[in-house]
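# Architecture and fold: a report
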Amino acid sequence: MTDSMLIYKIILCVIVFAVSLGAAAYMTWGERKLAAWLQDRVGPNRAGPLGLLQPIADGIKMIFKEEMIPTHSNRWLFILGPCFFMLCACMTGVVIPWGAGWESGGTIFPMQVTDINIGLLYLLGVVSIGVYGVMIGGWASNNKYSLLGALRASSQMISYEVAMGLALIALVMMTGTLSLKEIVAQQDQGLAFVVYQPLGFIIFIICAFAETNRAPFDLPECESELVGGYHTEYSSMKLGFFLFAEYINMFISSAIMASLYFGGYNFPFQHELGLDGNVLTIVQTAVFFGKIFIFIFVFMWVRWTLPRFRYDQLMNLGWKVLLPLAIANIIITGFVMLFMGKLG
Amino acid sequence: MMQLTNRSMQVAKKELTFMERLYFPAIIKGMIITLSHLFKRKATIKYPDQVRELSAVYRGQHVLKRDEAGAERCTACGLCAVACPAEAITMESAERKKGEESLYREEKYAKIYEINMLRCIFCGLCEEACPKEAIFLTDRIVPSSFTRGEEVFGKDKLVEGIDLRVDVTKRQTQEVLSFKTDKKHYHNQTFLDKKK
Amino acid sequence: MLTEYAFWFLSFVAVFSGIAVILSKNPVYSVLNLIMTFFSIAGHYFLMNAQFLAAVHIIVYAGAIMVLFLYVIMMLNLNNLETEKRSNVLKLSAVVAAGLLMTVLSGAVQTADQITLVEKTTGAAGMVENLGIALYRNYLLPFELASVLFLAAMVGAVYLSKKNLNETQA
């Protein structure tokens, strides 16, 4: 790796980090606005035009609020919990290809921080350790509601990870690679993979809702039963970290769904437009962000429509519906590939 | 049983059909409903910027009127307190001294006059009971406060200022106005009239 | 050079968190330290270019098994229980077992010089494709047998939970 490439990668890393934080901040605004609109209200409109400065005001408020650490809590683990959750949320952004690549001076700078050949496994791994933040935070609070929230979070995340992984296996069988860059590149020619894997996509999106603890799967922080769930005892920016990480998770999982099933940065007839390489990359990145925001809209739309599941319904759905469906999807994919040859 | 609306539905606990057990049609139906609300007119009135139009007979915060010469009309007869169904009004009367004719219209006046705005139900019976046309309900909204004590309004908040008259013409019919301005009634004569 | 520093750092973390697993009084700390050990071992796999193994190690051990461990320990709230006094027979048997393990380990370390090390960072044996080919071509039977073993364990677990269900209903 040359020096210029290393510097470029570091800059890209910072940009990806900043973009996911900024997107998460404005998603809090978007969520409140959308919730208001769906309920015939106006939403935040005081801070700046259309309330656009609301996330900044919220951030300032979060930082300057009094920080409480309960006396009987476990001090270090109490701090570690939200930090770990935030870290895991930010770690996933590096394997996502945000665009095809820049060409400058004969070298191509890819719009992806790192293209490891086990990209999908990396994603699953980071997602699976993300639950520790919630568990440690909930346990260290020394509060029964926090503990119950943490236990719910851990069992829910493990259950849905299984179905999520199996839904991805069918996709991996089709593409023959675990690298996200490869999977996106394969969708350049031909249809997006959602056409070939509709069942897999539905399973994946349901699991993504569950993994990000969003409604209707927000049982770990279910306020009608558990006060605030795992973040009952948290205040100030540590609470902010928990809430913020949820939005980053949402942003990243939207990006993953867009790249795995909806062609990533590719869009129809992109090569017929006759655009120059670098201009095309900008358009592609814009299209990719458009896809991401559509998914974020769906996340929010579902949250403000569906009521929360009961806990046994959640477990039934995960283990008795999604898991068998995912296995059936793998078998069907295998048979279709066997009889029709690879990719039809 | 009589049906109150024609929209009521008979509820029965049946086995769900396969389509119902899929849940997806129902979920999509619900999501279309919420999406349609995205484009509906918003019900919110942005209060300090926009003010809701009040009805002509809106009953808000009370005012104790002065007559045209600036003397308080209230004579502390207590009829409003008797009429009040919420028992929100208390008063203490006092006798007018020499030289206070410009302040109080009758020989007896209310030294203390308090309305508990937390008890008041804004029914307007005090206004109906008043023989001196002294108390009126206006279209002003009672401001909120941090303590209960602040919500007990004394004369300082209830009596209108001499230069800051509160307009209650919306609540006064022609009969009331003529009753109030007819100088042949003793109670309509101001101290200036009496001087003549 | 960098990989060597990374190796020493990871080994340090692995050994010390491994010791902390045994020494910490609170079982939750033990589990957290064990997770640290798993992470550093996954780092070692990465250094050996066994990316698939590293990822699977994190997903399966750190991401699933240890979460369940932590779940059970948090649920039982073990830190409030007094540790029981162990009997002398138990202590003696523990010493004997640990001594035997140490003999085996020291024997293994003595013969370690004879093992030829695989070339570390350039070997492609740990990549997904090669691993898949090795598992499904050369070692298909052991692989399938292992999965049958897992299936048997799963059926056993389901059976045990079903049995309890019948007892409570009766």
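Going along each chain's sequence as written, the residues are numbered from 1 onward. Following the order in which they are written, the chains are lettered starting with A and the ligands numbered starting with 1. Where local features are concerned, this predicted model is filtered to residues with pLDDT of at least 70; where side-chain atom pairs are given and counted, the filter is 80 or more; whole-chain, interface and lining totals use all residues. The side-chain values count all of the structure's non-hydrogen atoms but skip hydrogen atoms and water molecules.

Looking now at the overall build of chain A. A run of DSSP states H or I qualifies as a helix once it reaches four residues; a run of E qualifies as a strand once it reaches two. Both are numbered from the N-terminal end. Regarding its fold elements, chain A presents 12 helices and 2 strands. The N-to-C order of helical and strand elements in chain A reads α-α-α-β-β-α-α-α-α-α-α-α-α-α. In this treatment the radius of gyration is a C-alpha quantity, and the globule benchmark scales as 2.2 Å times the residue count to the 0.38 power. In terms of C-alpha radius of gyration, chain A reaches 21 Å, essentially the compact-globule figure of 20 Å for 344 residues. Dimensions along the principal axes, computed over C-alpha positions, put chain A at roughly 60 × 45 × 45 Å. Three exposure classes are used, based on accessible area relative to the maximum for each residue type with a 1.4 Å probe and protein chains only: buried under 20%, partly exposed in between, and exposed over 50%. Going through the 344 residues of chain A one by one, you find that 56% of them count as buried. A fraction of 79% describes how many contacts in chain A between residues 6 or more apart in sequence connect residues 24 or more apart. Should any heavy atoms of two residues lie within 4.5 Å, those residues are counted as being in contact.

Our focus in this paragraph is the overall build of chain C. Each helix and strand in chain C was counted, giving 6 helices and 0 strands. Reading chain C from its N end, one meets helices and strands in the order α-α-α-α-α-α. By residue count, 22% of the 170 residues in chain C fall in the buried class. Pairs at least 24 apart in sequence give 57% of the contacts found in chain C among residues at least 6 apart. For the accessible areas, the method is Shrake-Rupley and the probe is 1.4 Å, while residue cover comes only from the protein chains on display. With an accessible surface of roughly 12,900 Å², chain C has 72% of that area assigned to carbon and sulfur atoms.

Turning our attention to the sheet that holds strand β3 (residues 108-116) of chain B. Spatial ordering of the open sheet is given by β2-β3-β5 (chain B), a layout of 3 strands whose pairing is antiparallel. In the strand order of this sheet, the two ends are held by β2 (89-95) and β5 (152-153) of chain B, each with one partner. At least two bridges found by DSSP between two strands are what make those strands a pair.

Here we come to unusual backbone geometry. For residues other than glycine, phi is negative in most cases, and the peptide bonds are mostly trans. All names here are of chain A. Even without being glycine, Asp 40 reaches a positive phi, approximately 60 degrees. Secondary-structure assignment places Asp 40 in the loop between α1 (3-38) and α2 (54-64). You can call Asp 40 buried: its relative accessible area is 18%.

Judged by side-chain polarity, Tyr26(A), Leu50(A), Leu52(A), Leu53(A), Ile56(A), Ile60(A), Ile63(A) and Phe64(A) come together as a nonpolar surface patch covering roughly 810 Å² of accessible area. Assignment of secondary structure puts Phe64(A) in helix α2. Patch definition: residues with relative accessible area over 30% and no salt bridge; like charges joined within 9 Å; nonpolar side chains (Val, Leu, Ile, Met, Phe, Trp, Tyr) joined within 5 Å. What counts as a salt bridge is simple: a side-chain nitrogen of Lys or Arg found within 4 Å of a carboxyl oxygen of Asp or Glu.

Across the contact, 21 residues belong to chain A and 26 residues belong to chain C. Each of two parts loses accessible area, computed with a 1.4 Å probe, when they are put together; buried area is these two losses added. Buried area between chain A and chain C, summed over both chains or domains, comes out near 2,000 Å², and the portion from carbon and sulfur atoms is 77%. Between the two partners, chain A and chain C, sit 0 salt bridges. Two N or O atoms count as a polar contact when they lie within 3.5 Å, although within protein this holds only if one can serve as hydrogen donor and the other as acceptor, and sequence-adjacent residues are included solely when both atoms are side-chain atoms. Joining chain A to chain C, the criterion identifies 2 residue pairs in polar contact (both at pLDDT 80 or more). Residue assignment for the side of chain A that touches chain C shows that the elements contributing at least two residues are α4 (119-140) and α5 (144-175) of chain A. A per-element tally of the side of chain A that touches chain C places α4(A) first, with 10 residues.

The next thing to look at is the confidence of the model for chain C. Each residue carries a pLDDT value, the predictor's own confidence for that position, ranging from 0 to 100. Here chain C shows a mean pLDDT of 80. Residues at 70 or above account for 80%. This prediction of the complex comes with two scores: 0.78 for pTM and 0.77 for ipTM.

Facing the 16 residues of chain A at the interface are 16 residues of chain B. In total, chain A and chain B occlude about 1,300 Å² of area from one another, counting both sides; carbon and sulfur atoms represent 71% of this. Taken together, the links from chain A to chain B amount to 1 salt bridge. We note a salt bridge from Arg46(A) to Asp49(B), for which the minimum N-O separation is 3.1 Å.

Pairing of aromatic rings covers Phe, Tyr and the six-membered ring of Trp, with a centre-to-centre limit of 6.5 Å; geometry is then stacked below 30 degrees between planes, edge-to-face above 60, and tilted otherwise. Scanning all chains against the criterion turns up 25 aromatic pairs over all chains. On the numbers, 5.7 Å between centres and 70 degrees between planes, the contact of Trp98(A) with Phe288(A) is edge-to-face. Highlighted residues: Trp98(A) in the loop between α3 (75-91) and β1 (102-104) and Phe288(A) in helix α11 (residues 277-303), separated in sequence by 190 residues. For the pair Trp98(A) and Phe288(A), a shared accessibility class is recorded, and that class is buried. Between Lys157(B) and the ring centre of Phe153(B), over which it is positioned, the NZ or CZ distance is 4.6 Å. Two conditions define a charge sitting above a ring: the NZ of Lys or the CZ of Arg must be within 6 Å of the ring centre, and it must be within 35 degrees of the ring normal.

Residue and element names in this part refer to chain A. For helix α12 (residues 311-340), spanning 30 residues, the distance from its first C-alpha to its last is 42 Å, which sits close to the expected 44 Å at 1.5 Å a residue. Turning to α12, its buried residues are Leu 314, Met 315, Leu 317, Gly 318, Leu 322, Leu 323, Ala 326, Asn 329, Ile 330 and Thr 333. Along its buried surface, α12 packs onto α5 and α8 (198-211). Any helix carries an expected span of 1.5 Å times its number of residues minus one.

Attention now moves to the nonpolar core. Across soluble globular proteins, you tend to see nonpolar side chains buried next to one another. Trp98(A), Tyr132(A), Tyr160(A), Phe251(A) and Leu260(A) are the most contacted members of the largest nonpolar core, which has 122 residues in total. Residues in contact with Trp98(A), not counting those within four places in the same chain, are Val16(A), Gly93(A), Met111(A), Phe251(A), Ala255(A), Tyr265(A), Thr285(A), Phe288(A), Phe289(A) and Ile292(A). Residues belong to one nonpolar core when they are buried, are Ala, Val, Leu, Ile, Met, Phe, Trp, Tyr or Cys, and are joined through side-chain atoms within 4.5 Å.

Residue and element names in this part refer to chain B. Assignment of secondary structure puts Glu 151 in the loop between β4 (135-137) and β5. The charged-residue count follows a simple rule in which Lys and Arg add positive charge and Asp and Glu add negative charge, with His and chain termini not counted at all. Here Glu 151 occupies a buried position and makes no salt bridge, while the nearest side chain of opposite charge, Lys 157, is found at 6.6 Å. Within the structure, the side chain of Glu 151 is placed 2.9 Å from the side chain of Ser 145, a separation counted as a polar contact. Each residue touching Glu 151, except ones within four places of it in the same chain, is listed here: Ile 115, Asn 116, Met 117, Leu 118, Val 142, Pro 143, Ser 144 and Ser 145.

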